[in-house]
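Breakdown of the fold
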Amino acid sequence: MDSPRICRWGILATGGIARAFGKDLSVDPSTRSVTDVRHELVAAASSSSITRAEQFLRECDAPSHAKAYGSYQDLAADPNLDIVYIATPHSHHYQNAMLLLEAGKNVLCEKAFTVNARQARALAAKAGEKGLFLMEGMWTRYFPLSTYVREVILSDRIGPVERVLSEHSLPYAGRFEDDDHIMVNPRLAGGILLDAGIYSLTWVFQALYSTQPAATRQPPTFKSIVAKYAPTGVDSMVTILMEFPRDEEQGGTAHAVASCSMGLSNDAVAAATDSVIPNIRIQGPKGEIQVFPPAYRPTRTRLILKDGTFEDKQWPQPGPGAGSGWFNGWGSNLNPEGQGHGLFWEADDAARALTNGWKEGSRLGLDESILIVDIMDEIRRDAGLEYPEELETTDYPVQL
Ligand SMILES: NC(=O)C1=CN([C@@H]2O[C@H](COP(=O)(O)OP(=O)(O)OC[C@H]3O[C@@H](n4cnc5c(N)ncnc54)[C@H](OP(=O)(O)O)[C@@H]3O)[C@@H](O)[C@H]2O)C=CC1
Ligand SMILES: O=C1OC[C@@H](O)[C@H](O)[C@H]1O
């Protein structure tokens, strides 16, 4: 057997998800039956201070030779990296990714990919021009649970999908210390759509778009309703009604409802209390596949078929991992000590792509990332939601 390819990672930013990702890189891949790739955290940069980057590397158990940088520019100039993971707020993804691509770095960029689709297209074009790998870090697509759900759909066990109900809310309202919080600050491209709605859309797209034949699948038409968070004007609740054309053989259209809220508790409370209420339901004429909360990191599915089949499955994240100590807004520890977080699945996919010379993620290509940002653009436009000009621009470099 060939020895695994070691992928040398840099991490840009040192916040919550950066720490979870950094810790996941050190989880032994054999615990998830992965033998072709391994990861090494070899550098991290903090825009706050080099001391912060040093502390971050220690928290992530990075090897002693890992380099700490006090600026993102210094990280971009490091010649010893295979790829860089961007973990800044949405507002900064475009500028950060452009910095890295210009410096010749492969990039894995956290969701939501960019503030708008013009920026997503500009990044895809830059990556293409430079022959670099570029992927949106929509980790949920890479879980074995998601592979199983897609297989259920592709194997026709529930028949052609007719409807998807997809919900992801976070119980944050009233819990922000101030209006600078990442979730509600327009200067950080806050708002529930880019933060959480993208997961509701992810499940709709896994069921009704990426599982359809590439040659015939078509973008949906849709309508949306948006409520706003009064103190800052960002979106606080979004409901999207979608209609997907189906191919000639299936006929008609499939419907989807994708919703998200920063004030409701159904997702997090359901996860904390082990509720039996699914928040994703993918329905066809022969039955349905359900996914239980939270939608971004589900660990439980249920298949119910009209022939009497009842298939419950648990999908714990492998470990042992270091635990990120990552709490949701309801106080539930989403990644207790001893468990992996689950970000290693997307890291594996990116590392595998580098080995094979692929330029995009295998479960979410750039075209689909761009299409989803296009939809979010239109929802924001219809609701009169615009971020500050320097966040929406495709100019580079712009100081934010
Ligand atoms: N996949 C998932 O499950 C999750 C994904 N996310 C996504 O990850 C990204 C970051 O979220 P999260 O880690 O929660 O955010 P945090 O606020 O915890 O961290 C963001 C980091 O970005 C850097 N940063 C640079 N400029 C700014 C700025 N002007 N204001 C604030 N931070 C800045 C800081 O690092 P430094 O000072 O070191 O430069 C900061 O620590 C978002 O895109 C979010 O949607 C978030 C949570 C979960
Ligand atoms: O991606 C995310 O998943 C989990 C949420 O708690 C967080 O707000 C979001 O950014």
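Since this is a predicted model, take the numbers as computed values, not measurements.

With that out of the way, let us pick up the nonpolar core. Within the largest apolar cluster, 126 residues are counted, with the highest numbers of intra-cluster contacts made by Trp-9, Met-242 and Ile-282. Counting only domains with at least three residues in this core, you end up with domain 1 (5-138 + 359-364) and domain 2 (144-314).

The strand order E8-E9-E10-E7-E11-E12-E13-E14 describes an open sheet built from 8 strands, whose pairing is mixed. Bordering the open sheet on either side are strand E8 (221-228) and strand E14 (310-314), each of which pairs with just one other strand. Pairwise comparison of adjacent strand axes, ignoring direction, gives a mean angle of 10° for this sheet. Here strand E7 (residues 163-169) pairs with strand E11 (residues 280-284) via 4 bridges, running antiparallel. In the sheet register, Arg-163 faces E11, and the bridge partner there is Gln-283. Of the strands in this sheet, E11, strand E12 (287-291), strand E13 (300-305) and E14 touch helix H6 (residues 144-154), which is tilted by about 15° from E13.

Within the structure, ligand 1 sits among 23 residues, and Thr-14, Ser-46, Ser-47, Ser-48 and Tyr-72 are positioned closest to it. Contacts to ligand 1 include Ile-17, whose backbone N or O atom sits 2.9 Å from an oxygen atom. Here ligand 1, which alone exposes 890 Å², has 78% of that area covered by the protein. Listed by contribution, the elements that provide at least two residues to the shell around ligand 1 are helix H1 (16-25), helix H4 (90-102) and helix H7 (192-208). If one sorts the elements of the shell around ligand 1 by residue count, H4 sits on top with 3 residues.

On to the UniProt feature "domain: Gfo/Idh/MocA-like oxidoreductase N-terminal" (unreviewed entry) in the protein chain. UniProt records the feature "domain: Gfo/Idh/MocA-like oxidoreductase N-terminal" (unreviewed entry) for residues 9-137 in the present numbering. Counting secondary structure, residues 9-137 comes out at 40% helix and 22% strand; the distance between its end C-alpha atoms is 14 Å.

All told, the structure shown has 19 salt bridges when counted by the stated rule. The partner of Asp-156 in a salt bridge is Lys-286, with the nearest N and O atoms 3.5 Å apart. Of this pair, Asp-156 sits in the loop between H6 and E7 while Lys-286 sits in the loop between E11 and E12, and the two are 130 residues apart along the sequence. Looking at Lys-286, the relative accessible area reads 39%, which means it is partly exposed. Among the salt bridges present, the one from Asp-377 reaches Arg-380, with a minimum N-O distance of 3.7 Å. Of this pair, Asp-377 and Arg-380 both sit in helix H10 (residues 366-382), 3 residues apart, which is roughly one turn of the helix. Note on accessibility: Asp-377 and Arg-380 belong to one class, buried. Residues participating in the shared-partner salt-bridge network are Glu-102, Lys-126, Glu-129 and Lys-130.

Turning our eyes to something else, we now look at the state of the cysteines. Counted according to the given criterion, the structure contains 0 disulfides. Summary of cysteine pairing: Cys-60 is not part of a disulfide, and the nearest cysteine sulfur, belonging to Cys-7, is at 15 Å. The thiol sulfur of Cys-109 is not disulfide-bonded, and the nearest other cysteine sulfur, from Cys-7, lies at 16 Å.

Moving on to empty space enclosed by the protein. The final tally for this structure, using the stated rule, is 1 cavity of 30 Å³ or more. Along its surface, the largest cavity is lined by Glu-136, Met-138, Ile-198, Thr-202, Leu-364, Glu-368, Ser-369 and Ile-372. Secondary structure elements with two or more residues in the lining of the largest cavity: H7 and H10. Take the lining of the largest cavity: its biggest share by element is 3 residues, from H10. Broken down by class, the residue content of the lining of the largest cavity amounts to 4 nonpolar, 2 polar and 2 charged.

Take the domain arrangement of the protein chain next. Interface size is commonly expressed as the accessible surface area that is lost when the partners come together. When cut into domains, the protein chain gives domain 1 (5-138 + 359-364) and domain 2 (144-314). Spacing between the C-alpha centres of domain 1 and domain 2 amounts to 26 Å. Together domain 1 and domain 2 conceal approximately 900 Å² of surface at their shared face, both sides included; 68% is due to carbon and sulfur atoms. When the buried surface of domain 1 facing domain 2 is broken down by residue, His-90, Lys-111 and Met-138 rank first, second and third, together holding 47% of it. Here domain 1 is connected to domain 2 by 3 residue pairs in polar contact (both at pLDDT 80 or more). Per-element tally for the side of domain 1 that touches domain 2: the top contributor is H4, with 3 residues.

With respect to topology, 6 strands assemble into an open sheet ordered E3-E2-E1-E4-E5-E6, the strand pairing being parallel. The sheet is open, and its two edges are formed by strand E3 (67-69) and strand E6 (134-137), each paired on a single side. Going across the sheet, the axis of each strand differs from the next one's by a mean of 30°, ignoring polarity.

The buried fraction of E12 amounts to 5 of the 5 residues, a majority that puts the element mostly inside the structure. Both E11 and E12 contribute to a ladder of 5 bridges, which runs antiparallel. Across the sheet, Ile-280 pairs through a bridge with Val-291, a residue of E12. Linkage of E11 to E12, two consecutive antiparallel strands, is achieved through a turn of 2 residues.

Cut-offs and rules
- Residues numbered from 1 in each chain as written.
- Chains lettered and ligands numbered in written order.
- Predicted model: local features only at pLDDT ≥ 70, side-chain atom pairs only at ≥ 80, totals over all residues.
- Heavy atoms only, no water.
- Core = buried A, V, L, I, M, F, W, Y, C linked by side-chain atoms within 4.5 Å.
- Buried < 20%, exposed > 50% of the residue type's maximum accessible area, 1.4 Å probe, protein only.
- Domains from an automatic or database assignment.
- Pairing = 2+ DSSP bridges.
- Helix = DSSP H or I, 4+ residues; strand = E, 2+ residues; numbered from the N terminus.
- Axes fitted to C-alpha atoms, helices over the stretch in contact; angles between N-to-C directions.
- Contact = heavy atoms within 4.5 Å.
- Near = heavy atom within 4 Å.
- Polar contact = N/O pair within 3.5 Å; in protein donor to acceptor, adjacent residues only side chain to side chain.
- Areas by Shrake-Rupley, 256 points an atom, 1.4 Å probe, with all protein chains shown as cover.
- UniProt positions renumbered as here; feature names shortened; annotations may be inferred.
- Salt bridge = Lys/Arg side-chain N within 4 Å of Asp/Glu carboxyl O.
- Disulfide = S-S within 2.5 Å.
- 1 Å grid on protein atoms, 1.4 Å probe; cavity = no way out; pocket = protein on both sides within 12 Å on 5 of 7 lines; lining within 4 Å.
- Points joined across faces, edges and corners; volume = space filled by probe spheres on them.
- Nonpolar A, V, L, I, M, F, W, Y, C, P; charged D, E, K, R; others polar.
- Buried area = accessible area lost by both parts, 1.4 Å probe.

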